[in-house]
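What follows is the residue order along each chain.
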Amino acid sequence: MNIFDSLQWGFEVECCVKKDLFTKTKQLLKKSVKKIILTYDDSIEPDFNNETDEEDEKLEIVTPALPSNESFAVLNKVFDIMDGPCYTNESCGFHVNVSFLDREMFNYFVPHVFCINPLWPKLLKDFRREDNDFCNYNFRITTKSNWSEFIDGFNDGNFQDKESCINLDYYTGKGKTSRIEIRGMGNYNYEKKRKLIGYYL
């Protein structure tokens, strides 16, 4: 089994929905995706709709944790449904929750090394979220003393928060719900950047 086949994924898709299509869109999502959760996040800031003289609606679509191929099929279905009634702006994030199907694989996972992977600042740049306060790059190692500072901060739980690109708040070793949350993707029209999302995942 390769690493991709050993993982399961769940996605948090933040978006805005045109007010007159809000109910219909939610109904279609519930009908099309099993066990989907529809909620909202206060950080989402919809545009003002001049036609209705009101703000559009905020929506967060949470998909169930599924093996790789199934989860990406669900994500594509969600993105397809979003095309038209939904849009994304700089307030919208796309959060990826990833864990191992075999919990024993967490024995080989080194979280602090994962956090400082140079891939993450590149991801933030590609999605133009370097200055977003909800997905800061966790840490940049430059010197030996800097590394010690990182380890101390890691042990103190500094990376268990929702302001980091990599959030370890849900990481509990081999626990049943243990997972890593990647928070760096999002921004305007991120749902149309499927190839870019696929590159990082």
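A brief structural summary.

### Looking at helix α2 (residues 68-82)
Alright, step 1. Here α2 spans 21 Å end to end across 15 residues, near enough to the 21 Å set by a 1.5 Å rise per residue.
Alright, step 2. If you check which residues of α2 are buried, you get S68, S71, F72, V74, L75, V78, F79, I81 and M82.
Alright, step 3. Count one or two residues on from α2 and you reach G84, which has phi positive near 120°.

### With respect to the pairing of strand β8 (residues 93-100)
If a strand is regular, its side chains alternate between the two faces of the sheet.
Alright, step 1. Counted residue by residue, β8 has eight buried out of eight residues, so it is predominantly covered.
Alright, step 2. Side-chain alternation along β8 places G93, H95, N97 and S99 on one buried face and F94, V96, V98 and F100 on a second face that is also buried.
Alright, step 3. In this structure, strand β1 (residues 7-17) lies alongside β8, joined through seven bridges in antiparallel fashion. Each bridged residue has a counterpart across the sheet, and for E12 the counterpart in β8 is H95.
Alright, step 4. Summarising the sheet, β8 and strand β10 (residues 180-186) pair through five bridges and their orientation is antiparallel. Considered in β10, the bridge of V98 is made with I180.

### Thoughts on the packing of helix α1 (residues 22-32) against α2
Alright, step 1. It is the contact of α1 with α2, at a shortest axis distance of 10 Å, that shows an interaxial angle of 160°. Here α1 lies roughly antiparallel to α2, going by the angle between them. Handedness of the crossing formed by α1 with α2: right-handed. Taking contact as the criterion, the partners of T25, L28, L29 and S32 in α1 are, on α2, K77, V78 and I81.
Alright, step 2. Here the residues of the contact of α1 with α2 are counted per class, giving four nonpolar, two polar and one charged.

### Regarding the pairing of β1
Alright, step 1. Within β1, 11 of the 11 residues are buried, leaving the element largely enclosed by the surrounding structure.
Alright, step 2. Here β1 shows a buried face lined by L7, W9, F11, V13, C15 and V17 and a second buried face lined by Q8, G10, E12, E14 and C16.
Alright, step 3. Relative to strand β5 (residues 57-62), β1 runs antiparallel, the two being bridged by six bridges. For E14, the partnering residue across the bridge sits in β5 and is E60.
Alright, step 4. Here β1 pairs with strand β7 (residues 86-87) via two bridges, running antiparallel.

What counts as what
- Residues numbered from 1 in each chain as written.
- Predicted model: local features only at pLDDT ≥ 70, side-chain atom pairs only at ≥ 80, totals over all residues.
- Heavy atoms only, no water.
- Helix = DSSP H or I, 4+ residues; strand = E, 2+ residues; numbered from the N terminus.
- Expected span 1.5 Å × (residues − 1).
- Buried < 20%, exposed > 50% of the residue type's maximum accessible area, 1.4 Å probe, protein only.
- Pairing = 2+ DSSP bridges.
- Axes fitted to C-alpha atoms, helices over the stretch in contact; angles between N-to-C directions.
- Parallel < 35°, antiparallel > 145°, perpendicular 65-115°, else oblique.
- Left-handed = near helix turned anticlockwise from the far one by under 90°.
- Contact = heavy atoms within 4.5 Å.
- Nonpolar A, V, L, I, M, F, W, Y, C, P; charged D, E, K, R; others polar.

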